Amino acid sequence: MAETIQELYLHNPMIKKRWENFLKDRGITVFADQEVDTIDQTIGLFDEQDNLVGTGSIAGKTIKYIAVSDDGSGESGSRFNQLVSALEMKLAEAGHFQIFVFTKPQYETSFQHVGFNTLAKTDYGLILEKGTPNIDTYRKGLPQKPEGAKSTVAIVMNANPFTKGHRYLVEKAAKENDCVYVFVVNQDVSLFTTQERTQLVEEGTKDWDNVLVANGGDYMVSYLSFPAYFIKDQDNAIKYQTALDASLFKNQLAKPLGIQTRYLGTEPTSHTTNLYNETLKTILPPEVDVKEIPRLTAGSGQNVVSAREVRALIKDGSIEPLAQYVPETTANFIKENLDLLQKRILKGQKINGN
Amino acid sequence: MEIKQTAMAGTLESSDIQIVLSQGSNGIEFDLTSDVMKQFGDDIKQTIEDVLKAFKIDSAMVKVVDKGALTPVIKARAITACQRALDMKDQPQWEVL
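What you are looking at is a predicted structure, and each value in this text was computed from that prediction instead of being measured.

**Observations concerning the interface of chain B and chain A**
Right, on to step 1. Counting residues at the interface gives 14 residues for chain B and 12 residues for chain A.
Right, on to step 2. Within the residue set of the side of chain B that touches chain A, elements represented by two or more residues are strand E2 (17-23) and strand E4 (60-66) of chain B.
Right, on to step 3. The residue inventory of the side of chain B that touches chain A, partitioned by class, reads five nonpolar, six polar and three charged.

**Digging into the confidence of the model for chain B**
All names here are of chain B.
Right, on to step 1. Chain-level statistics for chain B give a pLDDT mean of 90 and a share of 96% at 70 or above.
Right, on to step 2. For chain B, per-element mean pLDDT is lowest for strand E1 (residues 7-9), which scores 92, and highest for helix H1 (residues 37-54), which scores 95.
Right, on to step 3. Here the complex is predicted with pTM 0.83, and the ipTM for its interfaces comes to 0.77.

**Section: the UniProt feature "modified residue: O-(phosphoribosyl dephospho-coenzyme A)serine" (unreviewed entry) in chain B**
Right, on to step 1. The residues that UniProt annotates with the feature "modified residue: O-(phosphoribosyl dephospho-coenzyme A)serine" (unreviewed entry) are Ser 14 of chain B.
Right, on to step 2. With respect to the helices and strands, Ser 14 of chain B occurs in the loop between E1 and E2.
Right, on to step 3. On the neighbour-count criterion, Ser 14 of chain B (12 C-beta atoms within 10 Å) is exposed.
Right, on to step 4. Beyond its immediate chain neighbours, meaning those up to four positions away, Ser 14 of chain B contacts Ser 78 of chain A together with Lys 67 and Gly 68 of chain B.

**Examining the environment of Glu 129 of chain A**
Residues and elements named next belong to chain A.
Right, on to step 1. Tracing the chain through its elements places Glu 129 in strand E7 (residues 126-131).
Right, on to step 2. It is 42 Å that separates the C-alpha atoms of Glu 129 and Asn 303, two residues lying 174 residues apart in sequence.
Right, on to step 3. Excluding residues within four positions of it along the chain, Glu 129 makes contact with Phe 100, Phe 116, Asn 117, Leu 119, Asn 134 and Ile 135.

**With respect to the sheet that holds E1 of chain B**
Each strand in a sheet pairs with another by means of backbone hydrogen bonds, the pair being arranged parallel or else antiparallel.
All names here are of chain B.
Right, on to step 1. Ordered in space as E1-E2-E4-E3, the four strands form an open sheet in which the pairing is mixed. At either margin of the open sheet sits one strand with a lone partner, and together these are E1 and strand E3 (28-34). Direction aside, the axes of adjacent strands within the sheet are offset by 10 degrees on average.
Right, on to step 2. Bridge count for E2 against E4 is seven bridges, and the pairing is antiparallel. Across the sheet, Leu 21 pairs through a bridge with Val 62, a residue of E4.
Right, on to step 3. Relative to E3, H1 is tilted by about 140 degrees, and along the sheet it contacts E2, E3 and E4.

**Quick notes on helix H11 (residues 328-346) of chain A**
Residues and elements named next belong to chain A.
Right, on to step 1. Taking 1.5 Å of rise per residue, the 19 residues of H11 would be expected to cover 27 Å, and the 25 Å separating its terminal C-alpha atoms lies within 8% of that figure.
Right, on to step 2. Of all the residues in H11, the buried ones are Thr 330, Phe 333, Ile 334 and Leu 341.
Right, on to step 3. At its buried positions, H11 is contacted by helix H7 (194-204) and helix H10 (307-316).

Reading the values: the criteria
Residues numbered from 1 in each chain as written. Chains lettered and ligands numbered in written order. Predicted model: local features only at pLDDT ≥ 70, side-chain atom pairs only at ≥ 80, totals over all residues. Contact = placed C-beta atoms within 7 Å. Helix = DSSP H or I, 4+ residues; strand = E, 2+ residues; numbered from the N terminus. Nonpolar A, V, L, I, M, F, W, Y, C, P; charged D, E, K, R; others polar. pLDDT = per-residue confidence, 0-100. UniProt positions renumbered as here; feature names shortened; annotations may be inferred. Buried ≥ 20, exposed ≤ 12 C-beta atoms within 10 Å, placed from the backbone. Pairing = 2+ DSSP bridges. Axes fitted to C-alpha atoms, helices over the stretch in contact; angles between N-to-C directions. Expected span 1.5 Å × (residues − 1).

Here it is, written out as structure tokens:
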């Protein structure tokens, strides 16, 4: 048996067609541009007659679109292993030693056999991880909760930027509990950079010493666990991905860290976030409670405080009304960096997302 | 010696072994996946640990996926992983080999 691995260049329409047909025959049917465009490299496995018998792709640090043909010769397992090795080698060349896979639940054991660990599993999907850093090193790097803390809760926020609404939510959690983890979404695709967002959350929550601010890493509302949050998508995809995100949070973070409750703000305006909240409420209980806090309203009580509103004000350069939406720390930062922020918007940074 | 960069050697194909070395904080820590873990798990770890010792590495995270490799294969893969991790691919350590 001499099966060889070759690179597949998908920008060649003939090759792309062949690749799509191969995958379609094996039950992978979604070729939306937003999925395919993220692919960095695709490889194919060919047998002696030059038939395509397996393929796999890498996108950033995730493995996607992997399939092998099973002709009953018992080769499918070794083909799969050969493909995963080759993909891992390519990822290692690109400097990625932390690898993720999104796949269907029935392939869990195939990936576990080549060293992957399951992060989250639902009826429709599965996320696995291999390499370092991993969820263990992430958990070890988190700030330690004080000894004797009885009620521990968590809030996950993008905080783009940190508003009075975020502050209100944190305040409520901090007053009602011994320890509050605030996880800031790591994905750097927002108007404010991850570092700026984290800094503003830290400054804005300084008054409570039972609040621990941490980066959400790859594990909370990231492209990995929740791509649709950043890419507008159909409702089903959102439900499927939020379920994975919620189950990852529940099993890999809430349980080991002893988090009993997750605090949320109600979401009257953002469709995606609203669906996300609904999913959290179905998946997290009974082990983890979900507490939904009504959103803070500004001024006369008609408008909810939202970071989107703040970004619109930044775009217009109207500094005065900011004070009713954001705490002083955030307002100062915006005043000092108004030029920079407006430049980012001019450069095409979207501000009407989440 | 300190591990300078995460490094990988070997494949996941039958009779081979994949070894990934990365910085550790707590001695040599193993994460081994093998179908023959019960029978040969300790031998595999020992073989790799001996190679690490020869390179004077005393702190590392060693992630291993074994697909039934024989001892000389394990040794060869471990040596390559060490040389890559220490960034000395071009200066073979003859006394280790």
